[in-house]
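Observations on the model geometry
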Amino acid sequence: MLQQAGGFTHAGSGRRTPSWQDAVAVAVVLAAIVLLGTAARQAMAPFAATHAADISLAPAALPLYTLRTVFRMLAALALSVAFTFGYATLAAKSRRAEMVLIPLLDVLQSVPVLGYLSFTVMFFVSAFPGSQLGPELAAIFAIFTSQAWNMTFSFYQSLRMVPHDLDEASRSFRDSAWQRFWHLEVPFAMPGLIWNTMMSVSGGWFFVVAAEAISVGDLQIALPGVGSYVARAIGARDLGAVGWAIVAMSGAILLCDQLLFAPLVAWCEKFRFEQTAAQAAPRSWVAALFHRSGAFRALHARVADALQQAAGARLELPPRVPRLSLPALPRRMGDALWLLAVVLTIAWLAARFLHFVQASLTWGDLAVVAGNGGLTLLRVLLLVALACAIWVPIGVSIGLRPKLTAVVQPVAQFLAAFPANLLFPLAVFLIVRLRVDPKIWLSPLMILGTQWYILFNVIAGASAFPSDLREAAASLRLSSVRWWTRVILPGVFPYLVTGAITASGGAWNASIVAEAVSWGPTRLDAGGLGAYIARMTEAGDYPRIALGIAVMSVLVVAVNRFLWRPLYAFAERRTRLD
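Residues numbered from 1 in each chain as written. Predicted model: local features only at pLDDT ≥ 70, side-chain atom pairs only at ≥ 80, totals over all residues. Heavy atoms only, no water.

Comments concerning the environment of Phe 123
- Along the chain, Phe 123 falls in helix H4 (residues 113-127).
- The class of Phe 123 is exposed, set by a relative accessible area of 53%.
- Sequence separation of Phe 123 and Pro 135 is 12 residues, and the distance between their C-alpha atoms is 9.6 Å. (Helix = DSSP H or I, 4+ residues; strand = E, 2+ residues; numbered from the N terminus. Buried < 20%, exposed > 50% of the residue type's maximum accessible area, 1.4 Å probe, protein only.)

Here it is as structure tokens:
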């Protein structure tokens, strides 16, 4: 019997002849495998801390450097996805775990990349002596810390916002927790998670310079990559090299968007929660190419069947395995014991911290750090409020128009992924030339890389807003003010709060590189906690690094506890799609 399927031309004998779509698809996959394999092989090369790699500023070196950087980004992304599924699910499913994990996530988000590198780079280097793998893992871990927290907050928020009727429907089918997770919760969370993954990768590009050009006290490590290339170009005041780095980063960002994120955005459209079909859906030429390839369509069918079987497994204990029967404690007693364990753990950690810093610090150091922390806190709150006022209406306008989303998404992702520290030399030049106060005019640099968290989350919320609710609002002929206050703002509010939380944490993190910037020998210091930690990191003063990170963590947790968490609870209580 003759059958026609996209990607194959069938002869009369029934033999299938590969089409050009198959050839292109195979070439794309093989090229990706070869390039990533090359980067992985070079990551296993010998390494000596006393002989740092020589970073060449020749443009011909940039393709290989860019490949190494992309490999680190993808490795960190894989770790971030695994961490997100485990950490966010535990926080959303266990009330007692949530009491610890969410504040801990606030702390982890607030710790700057330089703070992680200060205490982890020596661990990774010593764990793999004489191997390039140690510094590579340190860089991948640093990039991971710039990606994972935003993705985890997004997935946690989505799990908490699953509509009750869908959850009840899943339970009525007697789905196990494993089946409910893969059949309901992950699909419901996928649109927001994909957009936040794009934003997280963009955050990784922002901090790639700090991750690849590691400088902690006397330890100087420059890993071959586009980030270390940029650091070398800035130190040498080579504008031409900075321009070539911009070209290389732009190409890598566009390729990642077209080959990875655009297909994911088109794919996650099937998971939109609505009761009427969307009028338009984003498309991807890469997804269409693989869909028309018969070979990959057959492979996809086999892989999809295997994944469906894995997701559909009940994963229950066999009847012969005895179940643990622990005595049930009253809820209040269980909560009291849990809180006691948490308090004792915090007290032990605080005692260890005081033992570490008491020999080197005085109360005057604490007063200095507290004053710097208040200055950075003021900057963060003002900048996040300004970013919300600018990007919420723009994000809603984009997210409600799928065709416009398809056009704007790669542009917005490129702007988000573009490392704002490449603009720092221009900022230094203008501030020095115009003789303006760096304490004021360096502040906007903190929000350049984090404002996109708000935009991407609002676009995700507007894109996921059900079409039937939009049609109902249109039939009521609401005024513009009532439509914004009664329809769309409540609809995107959970996403906006998530974006504001991550933008706030990102601004704290960006303060490390934005409050103290340099261009060759010219260095400007805006004051604040970020500049303080940067100075102490450069000096290798670990007690003061720890003090700065501790104060920053306390401030971030306090802001989240008294500002963002009440807003988050309000969004969860009043703006659910039930």
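With respect to helix H5 (residues 133-160)
- For H5, which comprises 28 residues, the first-to-last C-alpha distance of 38 Å matches the rise-based estimate of 40 Å (1.5 Å per residue) to within 8%.
- Approximately 30° is the largest bend angle found in H5, and it occurs at Thr 145.
- Burial of H5 is extensive: 25 of the 28 residues sit out of reach of the surface. (Expected span 1.5 Å × (residues − 1). Bend = angle between axes of the 7 residues up to and from the residue.)

Let's talk about the pattern of salt bridges
- Taken as a whole, this structure holds 11 salt bridges when the rule is applied.
- In this structure, the salt-bridge partner of Arg 72 is Glu 212, at a minimum N-O distance of 2.7 Å. With Arg 72 in helix H2 (residues 62-93) and Glu 212 in helix H8 (residues 208-212), the pair connects residues that are 140 residues apart, well separated along the chain.
- For Glu 212, a relative accessible area of 0% corresponds to the buried category. (Salt bridge = Lys/Arg side-chain N within 4 Å of Asp/Glu carboxyl O.)

Thoughts on the packing of aromatic side chains
- With the rule as written, the count across this model stands at 17 aromatic pairs.
- Arranged with centres 5.6 Å apart and planes meeting at 90°, the rings of Phe 83 and Phe 144 form a pair that is edge-to-face. Here Phe 144 lies in helix H5 and Phe 83 lies in helix H2, a separation of 61 residues in the sequence.
- In this structure Phe 83 comes out as partly exposed when scored by relative accessible area, which is 23%.
- Residue classification places Phe 144 among the buried residues on the basis of a relative accessible area of 9%.
- Seen in terms of ring centroids, Phe 181 and Trp 182 are 5.0 Å apart; in terms of plane orientation they differ by 85°. Their pairing is edge-to-face.
- Assessed through its relative accessible area of 10%, Phe 181 is described here as buried.
- Counting every residue linked through ring pairs, the aromatic cluster contains Phe 83, Tyr 87, Phe 123, Phe 124, Phe 141, Phe 144 and Trp 149.
- Sitting over the face of the ring of Phe 562, Arg 561 holds its NZ or CZ atom 5.8 Å from the ring centroid. (Phe/Tyr/Trp six-rings, centres within 6.5 Å; stacked < 30°, edge-to-face > 60°. Lys NZ or Arg CZ within 6 Å of the ring centre and 35° of its normal.)

A word on the packing of helix H10 (residues 239-267) against helix H11 (residues 285-292)
- Running from amino to carboxyl end, H10 crosses H11 at an angle of 85°, the nearest separation of the two axes being 7 Å. Considered as vectors, H10 and H11 are oriented roughly perpendicular to each other. Side by side, H10 and H11 meet where Gln 258, Leu 259 and Pro 263 of the first sit next to Trp 285, Val 286 and Ala 287 of the second.
- Of the residues contributing to the contact of H10 with H11, the split by class is 5 nonpolar, 1 polar and no charged. (Axes fitted to C-alpha atoms, helices over the stretch in contact; angles between N-to-C directions. Parallel < 35°, antiparallel > 145°, perpendicular 65-115°, else oblique. Contact = heavy atoms within 4.5 Å. Nonpolar A, V, L, I, M, F, W, Y, C, P; charged D, E, K, R; others polar.)

A short note on the environment of Gly 204
- Structurally, Gly 204 is set in helix H7 (residues 177-206).
- Along the sequence, Gly 204 and Leu 77 sit 127 residues apart, while their C-alpha atoms lie 9.2 Å from each other.
- Other than its neighbours up to four places away in sequence, Gly 204 contacts Met 73, Ile 143, Ser 146 and Gln 147.

Description of the packing of helix H14 (residues 363-399) against helix H22 (residues 529-539)
- H22 packs onto H14 with a crossing angle of 130° between their chain directions and a minimal axis gap of 7 Å. By the criterion of interaxial angle, the relationship of H14 to H22 is oblique. Between H14 and H22, the residues in contact are Val 368, Val 369, Asn 372, Gly 373 and Thr 376 and Leu 529, Gly 530 and Tyr 532, respectively.
- Along the lines of polarity and charge, the residues of the contact of H14 with H22 split into 4 nonpolar, 4 polar and no charged.

Focus on the layout of surface pockets
- Here the second largest pocket defines a volume of roughly 1,100 Å³.
- For the second largest pocket, the lining is made up of 27 residues, of which Leu 104, Val 107, Ile 346, Leu 349 and Ser 553 are closest to its centre.
- Among the secondary structure elements, those contributing two or more residues to the lining of the second largest pocket are helix H3 (95-110), H4, helix H13 (331-357) and helix H23 (542-574).
- Top element by residues in the lining of the second largest pocket is H13. It accounts for 10 residues.
- Grouping the constituent residues of the lining of the second largest pocket by class yields 22 nonpolar, 4 polar and 1 charged.
- Each of domain 1 (19-315) and domain 2 (353-578) gives at least three residues to the lining of the second largest pocket. (1 Å grid on protein atoms, 1.4 Å probe; cavity = no way out; pocket = protein on both sides within 12 Å on 5 of 7 lines; lining within 4 Å. Points joined across faces, edges and corners; volume = space filled by probe spheres on them. Domains from an automatic or database assignment.)

A word on unusual backbone geometry
- One non-glycine residue, Arg 237, lies in positive phi territory at about 55°.
- The topology assignment puts Arg 237 in the loop between helix H9 (226-235) and H10.
- For Arg 435, which is not a glycine, the phi torsion comes out positive at approximately 55°.
- Tracing the backbone through its elements, the reader meets Arg 435 in the loop between helix H16 (424-434) and helix H17 (438-441).

Describing empty space enclosed by the protein
- As enumerated under the stated definition, the model contains 3 cavities of 30 Å³ or more in all.
- Each pocket or cavity is described by its volume, and for the second largest cavity that value is around 150 Å³.
- Every residue lining the second largest cavity is counted, 18 residues in all, and those nearest its centre are Ser 146, Phe 207, Tyr 453, Gly 506 and Asn 509.
- Among the elements that line the lining of the second largest cavity, the one with the most residues is H5, at 6 residues.
- When the residues that make up the lining of the second largest cavity are grouped by side-chain class, the tally is 6 nonpolar, 12 polar and no charged.

Details of the environment of Ala 82
- Within the secondary structure, Ala 82 sits in helix H2.
- Classification of Ala 82 by relative accessible area gives exposed; the value is 53%.
- Along the primary structure Ala 82 and Thr 152 are separated by 70 residues, whereas in three dimensions their C-alpha atoms are 9.9 Å apart.

Some details on the side chain of Thr 69
- With respect to the helices, strands and loops of the structure, Thr 69 is situated in helix H2.
- Reaching out from Thr 69, the side chain makes a polar contact with the side chain of Glu 212 at a distance of 2.7 Å.
- Residues within four places of Thr 69 in sequence aside, it is in contact with Trp 205, Val 208, Glu 212, Gly 225, Val 226 and Gly 227. (Polar contact = N/O pair within 3.5 Å; in protein donor to acceptor, adjacent residues only side chain to side chain.)

Geometry only, nothing functional implied.
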